[in-house]
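Close look at the chain arrangement
For reference, the chains in residue letters:
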Amino acid sequence: MEEQQRTEELLQGQLELWHHALGYIKSMALKCAMDAGIPDAIARCGGGATLPELLAATGLPPCNLSYLRRLMRVLTVSGIFHHQRKQPASGEHEEEAVYALTRASSLLVRGEGNGGAPSFGQLPFISILLGRTFVTPFFGMHPWIADERAAATSFFEREHGQALWEMARTSTGINDEFNQGMTADTRLIMHAVLTLSPAVFEGLTSLVDVGGADGTAAAAVARAFPHINCTVLDLPHVIENAPAPDEAAGGNTVRFVAGDMFHHIPSAHAVLLKVVL
Ligand SMILES: C[S@@+](CC[C@H](N)C(=O)[O-])C[C@H]1O[C@@H](n2cnc3c(N)ncnc32)[C@H](O)[C@@H]1O
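Attention in this report is confined to the structure presented alongside it. These numbers come from a predicted model, not from an experiment. (Residues numbered from 1 in each chain as written. Predicted model: local features only at pLDDT ≥ 70, side-chain atom pairs only at ≥ 80, totals over all residues. Heavy atoms only, no water.)

1. Some words on the overall build of the protein chain
Within the protein chain, the regular secondary structure consists of 15 helices and 7 strands. For the protein chain, whose C-alpha radius of gyration is 24 Å, the value lies well above the compact-globule estimate of 19 Å for 277 residues. Along the first, second and third principal axes, the C-alpha atoms of the protein chain reach 70 × 55 × 40 Å. Going through the 277 residues of the protein chain one by one, you find that 34% of them count as buried. Contacts spanning at least 24 positions in sequence make up 55% of the contacts within the protein chain whose residues lie at least 6 apart. Summed over its atoms, the accessible surface of the protein chain is roughly 17100 Å², and 57% of this surface lies on carbon and sulfur atoms. (Helix = DSSP H or I, 4+ residues; strand = E, 2+ residues; numbered from the N terminus. Rg over C-alpha atoms; globule rule 2.2 N^0.38 Å. Buried < 20%, exposed > 50% of the residue type's maximum accessible area, 1.4 Å probe, protein only. Contact = heavy atoms within 4.5 Å. Areas by Shrake-Rupley, 256 points an atom, 1.4 Å probe, with all protein chains shown as cover.)

Quick look at the structure:
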């Protein structure tokens, strides 16, 4: 009996290790689905699609149907897609699986929100998180933590030879990609903050969004509370590409200031820091 229990523990321990060691399969399967445009394809098929319909809608080769089935199985177990059984049509023997969007994958569909509603799409942000620039530094975690100078550089900097902000300053592609990703996140989060906790802003007459990028957050506050004077502080290469004030706030002026928060922060009643520290 003792030996049986010990063996059960061994197996359970191994299972737990496998769960952790193979956790990246979920991330990479999600990346594959996004790259293949599967959420868009399901949306185009009216919200539900069989495997042959998915192949046709994504342009994946029909000979890869069994691989697509495995991919969709992983993503269904992970809660990215939902899975229903379709009754076989007359003449067919087997039930067919129909894959549908969940609340998570609905956020990966490209394009505007339904019926003119604002889009809360997260594809640009999730694409950054799963891209090589962000993923490869994790292979360097051990050399970084084993280095006495770890506090001086992040493992991102060790991998790329420069900080993310420096990369963004020197590469237009990375700058655009990163800013689009952050904007997508900010649209959704500011909608949530303003809907669920508007009281946070009551009584304010001015606010500075430090590291506020293209002003999406400040513009959302200015739209909801037109009497709050909103300022965005960010690094010069970001402010250079900031939208015109009216465009940012839907009519209410958001002031953009180029600078370094470690040197100067424009004064205001409140400071907003979103995903900065
Ligand atoms: C992760 S992004 C967050 C952007 C925005 N707050 C959001 O949530 O969408 C961090 C921002 O901080 C800015 N930033 C980094 N270092 C800064 C500094 N020293 N002074 C001002 N802004 C800085 C970056 O340029 C970038 O726009």
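2. Observations regarding the layout of surface pockets
Taken as a whole, the largest pocket holds about 740 Å³ of empty space. Forming the walls of the largest pocket are 33 residues, and the residues nearest its centre are W165, G211, D234, V275 and V276. Elements that contribute at least two residues to the lining of the largest pocket include exactly helix 7 (123-129), helix 11 (164-170), helix 12 (172-196), strand 4 (206-210), helix 13 (216-224), strand 5 (229-234) and helix 14 (236-239). Considering every element that reaches the lining of the largest pocket, the biggest residue donor is helix 12, with 6 residues. Considered class by class, the residues forming the lining of the largest pocket number 19 nonpolar, 9 polar and 5 charged. Here the lining of the largest pocket spans two domains, since at least three of its residues come from each of domain 2 (111-196) and domain 3 (197-277). (1 Å grid on protein atoms, 1.4 Å probe; cavity = no way out; pocket = protein on both sides within 12 Å on 5 of 7 lines; lining within 4 Å. Points joined across faces, edges and corners; volume = space filled by probe spheres on them. Nonpolar A, V, L, I, M, F, W, Y, C, P; charged D, E, K, R; others polar. Domains from an automatic or database assignment.)

3. Some thoughts on the nonpolar core
Counting residues in each nonpolar core, the largest one holds 22 residues, and the members touching the most others are I38, L54, L68, M72, L75 and F81. For this core, the secondary structure elements donating two or more residues are helix 2 (23-36), helix 3 (38-44), helix 4 (51-58), helix 5 (65-77) and strand 3 (96-101). Residues within four places of M72 in sequence aside, it is in contact with I38, I42, L51, L54, F81 and Y99. Core analysis: the next-biggest nonpolar cluster, separate from the first, contains 21 residues, M190, L194, A219 and I239 among them. (Core = buried A, V, L, I, M, F, W, Y, C linked by side-chain atoms within 4.5 Å.)

4. Re the pairing of strand 4
Among the 5 residues in strand 4, 5 count as buried, and that is most of the element. Bridge count for strand 4 against strand 5 is 5 bridges, and the pairing is parallel. Across the sheet, the residue bridging to V210 is L233, located in strand 5. Between the parallel elements strand 4 and strand 5, the chain passes through helix 13 in a crossover that is right-handed. In terms of strand pairing, strand 4 meets strand 7 (residues 270-273) through 4 bridges, oriented parallel. Bridging from a neighbouring strand, D209 pairs with L272 of strand 7. (Pairing = 2+ DSSP bridges. Right-handed = clockwise from strand over helix to strand, strands pointing away.)

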